[in-house]
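Read off the chains here:
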Amino acid sequence: MASLFRKMTTDADAEPSSSDKPDNKQRVLVLSSRGVTFRHRHLLNDLVALLPHSRKDAKLDTKSQLHLLNEVAELYNCNGVLFFEARKRQDLYMWLSRVPNGPCVKFHVQNLHTMSELNFTGNALKGSRAIVSFDAGFDTTPATSLMKELLLQTFSVPKSARRVKPFVDRVLSFHWADGKVWVRHYQILVTKATITDDSDEDEEMEEPTSKKGKKRHEEKTELVEIGPRFVMTPIVILEGSFGGPVVYENKEFVSPNAVRAAIREKRAKSHGRREDQRLKRTVKRKELDQENKVRKAGEIDEAVLFA
């Protein structure tokens, strides 16, 4: 894993060519599989809008032969792939890969909210570059460092991109907490505030008709969330691009199919217990009816008292 991280950092830190025309070598292929829902499709469109150096392609028909994405990326001269894999029209997985030698990482996307759903007040320039921010949690293990490098090379917009605007007014932040990657997108909002410097009390007593305090302008910078927002759980890191030996595997990850199966099993057990209790009540009632029929009439029975 350390060799993979060294290879990726050296490729990213390579100096650009000295020619007058800038080289646009960083391109990301963005596409999805069949079966994505409308929320997945809107999230994909939001990410395409955030990445001016991206190349959007049609949906991929197969889900088992993901190595075909390497050929598609080579056709469009892309060295990065962001692939959305949908399962059972409800589960979403995100693949980040460096073409053609890898590595690649697979995430499970949860709690996703698109820009149209959030209705935040922030508004950034389309096509502008973003500051990609990471917290200190990504530097704890080699696996998280490799994820950080893949996220950086995928979501960082190069200066030489053709459709990029010469402005930096956004922040794309990644946080590592609870074994997950939390993604947030903010706008850098700069506002000018006018501050008045009041004179001292002694001067006011001596010169009651003196001029007002001087005004000075200060810039106030704050972050306003725009969206989208989502949470990614790492599953596996492969040495190659959509293939190769497993470099890292998350042992704590539980697939959504297993969670749904456990919920169904729990409901089945509770239903079985209720059926057993209902059957016991039915049998007991039949036994009581038979006892009442066999039992002889007593002195206080209605048939004896009202004969």
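None of the values given here were measured: they were computed from a predicted structure. (Residues numbered from 1 in each chain as written. Predicted model: local features only at pLDDT ≥ 70, side-chain atom pairs only at ≥ 80, totals over all residues. Heavy atoms only, no water.)

## Notes on the overall build of the protein
Next up, step 1: Looking only at helices and strands, the protein has eight helices and 11 strands in total.
Next up, step 2: In the protein, which comprises 307 residues, the share counted as buried stands at 36%.
Next up, step 3: Expressed as a percentage of contacts within the protein between residues at least 6 apart in sequence, the contacts between residues at least 24 apart total 71%.
Next up, step 4: Surface summary for the protein: the accessible area is close to 19,800 Å², and the carbon and sulfur share equals 51%. (Helix = DSSP H or I, 4+ residues; strand = E, 2+ residues; numbered from the N terminus. Buried < 20%, exposed > 50% of the residue type's maximum accessible area, 1.4 Å probe, protein only. Contact = heavy atoms within 4.5 Å. Areas by Shrake-Rupley, 256 points an atom, 1.4 Å probe, with all protein chains shown as cover.)

## A word on the environment of Leu150
Next up, step 1: Considering the arrangement of structural elements, one finds Leu150 in helix α5 (residues 142-155).
Next up, step 2: In this structure, the C-alpha to C-alpha distance between Leu150 and Arg98, residues 52 residues apart in sequence, is 7.8 Å.

## Points about helix α3 (residues 68-75)
Next up, step 1: When we look at burial in α3, the residues that qualify are Leu69, Asn70, Val72 and Ala73. End-on view of α3: buried residues confined to an arc of 165 degrees, all on one side of the axis.
Next up, step 2: Against β1 (28-32) and β3 (80-87) lie the buried residues of α3.
Next up, step 3: Downstream of α3 by one or two residues, Asn77 has phi in the positive range, about 55 degrees. (Arc of directions from axis to C-beta.)

## Here's the deal with the side chain of Asn70
Next up, step 1: Mapped onto the elements of the fold, Asn70 is located in helix α3.
Next up, step 2: If we skip the residues at most four places from it in the chain, Asn70 touches Val99, Ser241 and Phe242.

## Some points on the side chain of Arg184
Next up, step 1: Note on placement: Arg184 falls in strand β8 (residues 180-197).
Next up, step 2: Buried charged residue Arg184 carries no salt bridge. Nearest counter-charge: Glu225, at 4.0 Å. (Lys, Arg positive; Asp, Glu negative; His and termini not counted. Salt bridge = Lys/Arg side-chain N within 4 Å of Asp/Glu carboxyl O.)

## Describing the nonpolar core
The nonpolar side chains of soluble globular proteins are, as a tendency, buried together.
Next up, step 1: Of all hydrophobic cores here, the largest spans 33 residues; its most connected members are Met94 and Phe174.
Next up, step 2: Counting residues per element, this core draws most heavily on α5, which supplies six residues.
Next up, step 3: Excluding residues within four positions of it along the chain, Met94 makes contact with Leu47, Leu82, Phe83, Phe84, Val105, Lys106, Phe107, Val109, Phe230 and Met232.
Next up, step 4: Within the second largest apolar cluster, 18 residues are counted, among which are Cys78, Val81, Cys104 and Phe242. (Core = buried A, V, L, I, M, F, W, Y, C linked by side-chain atoms within 4.5 Å.)

## Describing the confidence of the model for the protein
Next up, step 1: Per-residue confidence for the protein gives a mean pLDDT of 83, with 80% of residues at or over 70.
Next up, step 2: Predicted confidence for residues 14-20 stays below pLDDT 50, and this span has one contact to residues more than four positions away or in other chains.
Next up, step 3: The model gives residues 199-210 a pLDDT under 50, and that stretch makes one contact with residues more than four places away or in other chains. (pLDDT = per-residue confidence, 0-100.)

## Describing the environment of Ser160
Next up, step 1: Along the chain, Ser160 falls in the loop between α5 and β7 (165-177).
Next up, step 2: Considered as a pair, Ser160 and His53 are 107 residues apart in the sequence and their alpha carbons are 9.0 Å apart.

## Things to note about unusual backbone geometry
Next up, step 1: Of note, the amide linkage connecting Val99 to Pro100 takes the cis form, showing an omega dihedral of 5 degrees.
Next up, step 2: A cis geometry characterises the amide bond from Gly102 onward to Pro103, with omega recorded as 5 degrees.
Next up, step 3: Inspection of the secondary structure puts Pro103 in the loop between β4 (91-98) and β5 (104-113).
Next up, step 4: Although it is not a glycine, Lys88 sits at a positive phi angle of roughly 55 degrees.
Next up, step 5: Residue placement: Lys88 occurs in the loop between β3 and β4.
Next up, step 6: Phi at Asn111 takes a positive value of approximately 50 degrees, unusual for a residue other than glycine.

## So, the pairing of β3
Next up, step 1: Counting buried positions over the eight residues of β3 gives seven, a clear majority of the element.
Next up, step 2: Pairing of β1 with β3 involves five bridges; the strand directions are parallel. By the bridge assignment for β3, Leu29 is matched with Val81.
Next up, step 3: As judged from the eight bridges shared by β3 and β4, these two strands associate in the antiparallel manner. Bridge assignment links Arg87 to a residue of β4, and that residue is Asp91.
Next up, step 4: Connecting the antiparallel pair β3 and β4 is a turn made up of three residues, with Lys88 showing a positive phi of about 55 degrees. (Pairing = 2+ DSSP bridges.)

## A word on the pattern of salt bridges
Next up, step 1: All told, the structure shown has nine salt bridges when counted by the stated rule.
Next up, step 2: For Arg260, the salt bridge identified is with Asp91, shortest N-O distance 2.8 Å. Of this pair, Arg260 sits in helix α7 (residues 256-294) while Asp91 sits in strand β4, and the two are 169 residues apart along the sequence.
Next up, step 3: You can call Arg260 partly exposed: its relative accessible area is 22%.
Next up, step 4: In this structure, the salt-bridge partner of Glu249 is Lys251, at a minimum N-O distance of 3.6 Å.

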